[in-house]
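If you want the building blocks of each chain, they are given just below.
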Amino acid sequence: MKKYAAYLAGEWVDASGGCNAIIDPASGEAVSAVPALTPRHVDAAVRAAQQALARSGWASDARLRADVMLQWAERIEKNVGALARRLTLENGKLLGEAKFEIGNQVNVIRFNAGLARALSGHSHSLGAKVMGVVAREPMGVVAVISPWNWPISLLVRDLAPALAAGNAVLSKPASQTAGVSVEILRLLVECDGLPEGVVGMLTGSGGSVGQAIVEHPGIDMIAFTGDGATGKGIARDAASTVKKVALELGGKSPFVLCADADMDKAVSTLVRFIFLTTCGQICTAPSRLLVESSVKKAVCERLARAIEGIKVGPGLDPASQMGAITTRDQYEKILGFIELGKKEAALVAGGGAVADVDHDKCNFIAPAIFTDMDPRSPLVQEEIFGPVLTVQSFASDEEAVHLANDTPFGLAAGVFTQNLDRAWFLSRGIKAGTVWINNYNRFYAETEVGGYKESGVGRMAGFDGLHEFTQTKHINFDST
Ligand code: NAD
């Protein structure tokens with residue numbers, strides 16, 4: 001078991017006050033331990049961050065920020081292999097996916113390092129002797145609270161633009177994947193030029209450290225990614241100190257499959273992102289297939305063939321095609337939905353137990369596909385966050401849009417068709433922050449992500465993601 005320290009106020013803090021163990025979901029063994037910090041540590045970190053902003057040039061020196069971030073990216077690039085291994089041990093995902101997740105942060109950080117130097121406001125001539133300058137300034141002390149499913153992507157997605165914009169940033173990683181998160185932060189704090197106190201990593205539980213962050217009057221903004229219920233509580237509690245809150249929450253994303261689509265590509269893409277990638281534990285997972293009635297039977301047969309024999313096993317085993325469910329709670333929740341599906345719906349394929357594993361210790365679940373359920377069933381309406389797909393059919397594009405929008409969520413959607421008019425109609429009609437046409441789950445540093453409806457408020461990544469971490473100030477020069 002590897003022991004980690006937390007980092008705050010320019011110092012590493014060990015676990016003398018208690019620690020949380022991190023369990024490998026593929027074996028049930030403890031693989032990491034991180035300090036369980038307390039609200040007292042949050043307060044010390046906030047004070048150090050405020051002092052760092054007041055005393056250093058961090059907020060005003062974009063070149064310094066870009067330089068530090070470029071060093072950070074290079075250091076991650078040199079350590080992808082070891083970081084990915086730790087990510088797989090803590091999260092259960094396949095090693096190949098973990099390497100992609102870590103490696104991609106190099107590109108995200110480099111993009112944001114460039115943006116640091118491109119951050120700009122605007123000016124207006126408001127009269128013969130009047131000029132209004134609208135400057136973009138950092139928010140101040142920002143907290144980034146992140147989940148365990150793509151823990152490094154979702155940490156860096158917010159940490160990088162928050163730093164680029166000139167903020168001090170305190171990160172509260174998910175407890176389940178805090179060891180690898182600390183390793184990523186270590187690579188940042190050892191960069192030349194980073195002022196002490198500008199970053200911190202506050203490990204500990206959501207109920208203690210997370211809640212103390214939300215309530216602390218010295219924190220100016222919270223960028224939260226996680227469960228909808230947690231996000232709603234954060235928005236409520238942050239209101240008492242009028243903090244800015246950006247929320248990236250859950251999803252129940254539709255995958256609209258028209259009869260004219262390239263079926264090979266559509267089915268393999270769907271299988272990849274609802275089953276193989278992170279076992280469907282992705283906020284944007286295409287968990288609801290909406291298929292044109294005329295091809296429903298044929299598509300269900302293809303899906304059944306595609307999931308037959310998928311090998312579920314440890315992420316470090318090169319033979320595994322699907323890894324482990326990250327937490328025991330999540331494992332039990334998914335099994336509960338599969339049981340519900342067997343009672344309330346028709347099983348299309350899958351839904352069996354994974355053979356030859358110790359189910360008391362290892363969180364392995366095979367894919368399950370259901371159809372013929374009531375559209376109001378929790379199977380269709382609630383985020384399962386696992387390898388469970390529901391299939392509904394539509395007879396017209398209007399009906400497809402209606403079904404796509406018929407949940408409280410609006411995070412993402414996929415549309416598969418060769419017909420441009422249908423692609424246009426469907427993508428404009430679906431209420432979601434991202435709509436992929438003839439592809440799925442393509443994320444770029446340049447393009448924004450975020451939710452409609454209960455999937456969130458605010459936008460991350462891209463230019464809007466950078467601006468999310470700023471506030472504007474109008475300075476008015478009047479010499480009349
Ligand atoms: P979670 O809400 O349980 O935890 C997320 C983070 O919040 C963790 O760091 C946790 O410790 C912290 N937290 C918990 N209670 C808190 C509190 N009272 N105050 C402050 N912080 C608190 O979510 P999870 O189970 O880690 O992640 C899964 C959820 O995240 C799913 O709903 C998924 O859809 C969502 N998600 C959304 C996106 C997106 O970009 N929209 C991406 C990935 C995951």
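Residues numbered from 1 in each chain as written. Predicted model: local features only at pLDDT ≥ 70, side-chain atom pairs only at ≥ 80, totals over all residues. Heavy atoms only, no water.

1. Describing the overall build of the chain
Next up, step 1: When its secondary structure is counted, the chain shows 15 helices and 23 strands.
Next up, step 2: Computed over the C-alpha atoms, the radius of gyration of the chain is 23 Å, within 12% of the 23 Å expected from 2.2 N^0.38 for a compact globule of 480 residues.
Next up, step 3: When the backbone C-alpha atoms are referred to their principal axes, the chain occupies close to 70 × 60 × 40 Å.
Next up, step 4: Put simply, the chain has 480 residues, and 57% of those count as buried. (Helix = DSSP H or I, 4+ residues; strand = E, 2+ residues; numbered from the N terminus. Rg over C-alpha atoms; globule rule 2.2 N^0.38 Å. Buried < 20%, exposed > 50% of the residue type's maximum accessible area, 1.4 Å probe, protein only.)

2. Quick word on the sheet that holds strand β14 (residues 288–292)
Next up, step 1: One open sheet holds the seven strands; their spatial order is β15-β16-β17-β14-β13-β19-β20, and the pairing between them is mixed. Of all the strands in the sheet, the pair left with one neighbour each is β15 (346–350) and β20 (434–437). Recorded for the sheet is a direction-independent mean angle of 20° between the axes of neighbouring strands.
Next up, step 2: Examined bridge by bridge, strand β19 (residues 412–416) and β20 share four bridges and lie parallel to one another. Bridge assignment links A413 to a residue of β20, and that residue is V435.
Next up, step 3: Helix-sheet contacts for helix α11 (residues 328–344) involve β16 (368–371) and β17 (388–394), and the interaxial angle to β16 is about 40°. (Pairing = 2+ DSSP bridges. Axes fitted to C-alpha atoms, helices over the stretch in contact; angles between N-to-C directions. Contact = heavy atoms within 4.5 Å.)

3. Points about the packing of helix α3 (residues 80–91) against helix α4 (residues 95–118)
Next up, step 1: In the contact formed by α3 and α4, the axes pass within 8 Å of each other and the chain directions differ by 125°. Judged on the interaxial angle alone, α4 and α3 are oblique. Considering the relative orientation of α3 and α4, their crossing is right-handed. In this structure, α3 contributes V80, L83, A84, R85, L87 and T88 to the contact, and α4 contributes L95, A98, K99, E101, I102 and G103. (Parallel < 35°, antiparallel > 145°, perpendicular 65-115°, else oblique. Left-handed = near helix turned anticlockwise from the far one by under 90°.)

4. A closer look at the environment of D43
Next up, step 1: Within the element layout of this structure, D43 appears in helix α1 (residues 39–55).
Next up, step 2: Separated by 175 residues in the primary sequence, D43 and G218 place their C-alpha atoms 8.4 Å from one another.

5. Side note on the pattern of salt bridges
Pairs may arise between side chains of opposite charge once their charged atoms sit close together.
Next up, step 1: Tallied over the full model, the rule gives 22 salt bridges.
Next up, step 2: Salt bridges sharing common partners tie together D260, E292, D397 and R422. (Salt bridge = Lys/Arg side-chain N within 4 Å of Asp/Glu carboxyl O.)

6. A few points about the sheet that holds strand β23 (residues 470–478)
Backbone-to-backbone hydrogen bonds pair the strands of a sheet. The strands run either parallel or antiparallel.
Next up, step 1: Pairing in this open sheet of three strands is antiparallel, and the strands run β6-β7-β23 from one edge to the other. Of all strands in the sheet, those bounded by a partner on one side alone are β6 (122–127) and β23. Ignoring strand direction, the axes of neighbouring strands in this sheet form an average angle of 25°.
Next up, step 2: As paired strands, β6 and strand β7 (residues 130–138) are joined by five bridges and run antiparallel to one another. Among the inter-strand pairings, H122 is bridged to a residue of β7, identified as V134.

7. Observations regarding unusual backbone geometry
Next up, step 1: For T278, which is not a glycine, the phi torsion comes out positive at approximately 50°.
Next up, step 2: With respect to the helices and strands, the residue T278 is situated in the loop between α9 (263–276) and β14.
Next up, step 3: Exposure remark for T278: the relative accessible area of 3% places this residue in the buried category.
Next up, step 4: Despite not being glycine, F385 has its phi angle at roughly 65°, a positive value.
Next up, step 5: By secondary structure assignment, the location of F385 is in the loop between α12 (378–381) and β17.

8. So, the site of the ligand
Next up, step 1: Looking at the ligand, there are 27 residues lining it, with S146, K172, T230, L249 and E383 nearest.
Next up, step 2: Taking Q211, its side chain carries an N or O atom lying 2.9 Å from a nitrogen atom of the ligand.
Next up, step 3: Within the backbone of L249, one N or O atom sits 2.8 Å away from a nitrogen atom of the ligand.
Next up, step 4: For the ligand, the protein covers 86% of the area, taking 860 Å² as the surface of the free molecule.
Next up, step 5: Counting only elements with at least two residues in the shell around the ligand, the list comes to α5 (151–164), α7 (206–215), β11 (221–225) and α8 (228–238).
Next up, step 6: Per-element accounting of the shell around the ligand gives the leading share, four residues, to α7.
Next up, step 7: When grouped by side-chain class, the residues that make up the shell around the ligand number 13 nonpolar, nine polar and five charged. (Near = heavy atom within 4 Å. Polar contact = N/O pair within 3.5 Å; in protein donor to acceptor, adjacent residues only side chain to side chain. Areas by Shrake-Rupley, 256 points an atom, 1.4 Å probe, with all protein chains shown as cover. Nonpolar A, V, L, I, M, F, W, Y, C, P; charged D, E, K, R; others polar.)

9. What about the packing of aromatic side chains?
Next up, step 1: Following the criterion strictly, the structure yields eight aromatic pairs and no others.
Next up, step 2: Centroid distance W436 to F443: 5.4 Å. Interplanar angle 85°. Geometry classified as edge-to-face.
Next up, step 3: Its relative accessible area of 8% is what places W436 among the buried residues.
Next up, step 4: The structure contains a cluster of three or more aromatic residues connected by ring pairs, namely F255, F273, F416, W436, Y440 and F443.
Next up, step 5: One Lys or Arg, K93, reaches over the ring of W150 and ends 3.8 Å from the middle of that ring.
Next up, step 6: It is R186 that lies over the ring of W12; its NZ or CZ is 4.1 Å from the centre. (Phe/Tyr/Trp six-rings, centres within 6.5 Å; stacked < 30°, edge-to-face > 60°. Lys NZ or Arg CZ within 6 Å of the ring centre and 35° of its normal.)

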